[in-house]
Amino acid sequence: PTALTTGTIPYKSAGALLDSPISTDGTDVTVSGNISALGGRPIEINGTSGSIKIKGSSGGWSIKTEFEGFSGADLGGFAAKGSGNSLDYYYIGDNFSSPLFKIVPSGAATLSDTLNVGVTASYADNAAAIAGGLSTGTIYRTGDNLKIVH
């Protein structure tokens, strides 16, 4: 195959040679519409909704967005892990076997409020934390014990 440096990628439709909705100026590639990558784990980038959909597999699966430093250092990422049509958990960290933070869905409870994690100020009790300006879901401490404003 010949590399495309500028222009559009030709394709055939009903026997006629047409220009595709994919074009390049030699630096950037522009796609009018959606992008699909087929295979065992199909990926779809939807240009209309701005969503990215990655299909899991029938066995165990993990879908991860990874971050890499300028020099190539692995900075971890966030992901979901599951099996078939089930979600085991969401995680943030280097890998699914030792995440820094994990959210596990269950049938009994869901995470529906914001959990604010940061520098944990010390307050005598929940009332003092609220009087100090903390909002529901914020972590504070009383001595060595972590607590959550409720």
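The structure displayed is predicted, hence computed values, not measured ones. (Residues numbered from 1 in each chain as written. Predicted model: local features only at pLDDT ≥ 70, side-chain atom pairs only at ≥ 80, totals over all residues. Heavy atoms only, no water.)

### So, the overall build of the protein chain
- From N to C terminus, the protein chain includes 1 helix and 12 strands.
- Sequence-ordered secondary structure for the protein chain, helices as α and strands as β, is β-β-β-β-β-β-β-β-β-β-α-β-β.
- Among the 150 residues that make up the protein chain, the fraction classed as buried is 15%.
- Residue pairs in contact within the protein chain that sit at least 24 positions apart in sequence constitute 8% of those at least 6 positions apart.
- On the protein chain, roughly 10,900 Å² of surface is accessible, and the fraction owed to carbon and sulfur atoms is 56%. (Helix = DSSP H or I, 4+ residues; strand = E, 2+ residues; numbered from the N terminus. Buried < 20%, exposed > 50% of the residue type's maximum accessible area, 1.4 Å probe, protein only. Contact = heavy atoms within 4.5 Å. Areas by Shrake-Rupley, 256 points an atom, 1.4 Å probe, with all protein chains shown as cover.)

### A short note on the confidence of the model for the protein chain
- Averaged over every residue, the pLDDT of the protein chain is 75; residues scoring 70 or more account for 68%.
- Predicted confidence is poor over residues 107-112, with pLDDT under 50, and the contacts of this stretch with residues over four places away or in other chains come to 1 contact. (pLDDT = per-residue confidence, 0-100.)

### Here's the deal with the pairing of strand 9 (residues 86-93)
- Of the pairings in the sheet, the one linking strand 8 (residues 74-83) to strand 9 comprises 7 bridges and is antiparallel in character. Looking across to strand 9, one finds that lysine 81 is bridged to tyrosine 89.
- Sheet topology note: the strand 9/strand 10 (residues 101-103) ladder contains 3 bridges and is antiparallel. Bridge pairing in strand 10 links isoleucine 92 to phenylalanine 101. (Pairing = 2+ DSSP bridges.)

### So, the sheet that holds strand 7 (residues 60-68)
- Taken in spatial order, the 4 strands make up an open sheet running 7-8-9-10, and their pairing is antiparallel. On the outer flanks of this sheet lie strand 7 and strand 10, each paired with one strand and no other. Put simply, the sheet's adjacent strands are angled 15 degrees from each other on average, direction ignored. (Axes fitted to C-alpha atoms, helices over the stretch in contact; angles between N-to-C directions.)

### Looking at the pattern of salt bridges
- Enumeration according to the criterion identifies 2 salt bridges in this entry.
- With its nearest N and O atoms 3.9 Å apart, the salt bridge here joins glutamate 66 to lysine 64. (Salt bridge = Lys/Arg side-chain N within 4 Å of Asp/Glu carboxyl O.)

### Re the packing of aromatic side chains
- Under the definition given, this model contains 3 aromatic pairs.
- Seen from their ring centres, tyrosine 123 and tyrosine 140 are 6.1 Å apart, and the 75 degrees between their planes marks the pair as edge-to-face. In this pair, tyrosine 123 is assigned in the loop between strand 10 and helix 1 (126-131) and tyrosine 140 in strand 11 (residues 139-142), connecting sequence segments 17 residues apart.
- Look at tyrosine 123 and you get buried, because its relative accessible area is 18%. (Phe/Tyr/Trp six-rings, centres within 6.5 Å; stacked < 30°, edge-to-face > 60°.)

### Considering a nonpolar patch on the surface
- Together, Phe67, Leu75, Phe78, Ile92, Leu100 and Phe101 give the surface a local cluster of nonpolar side chains, amounting to about 630 Å² of exposed area.
- Inspection of the secondary structure assignment puts phenylalanine 78 in strand 8.
- Judged by its relative accessible area of 43%, phenylalanine 78 is partly exposed. (Patch = residues over 30% accessible without salt bridge, like charges linked within 9 Å, V, L, I, M, F, W, Y side chains within 5 Å.)

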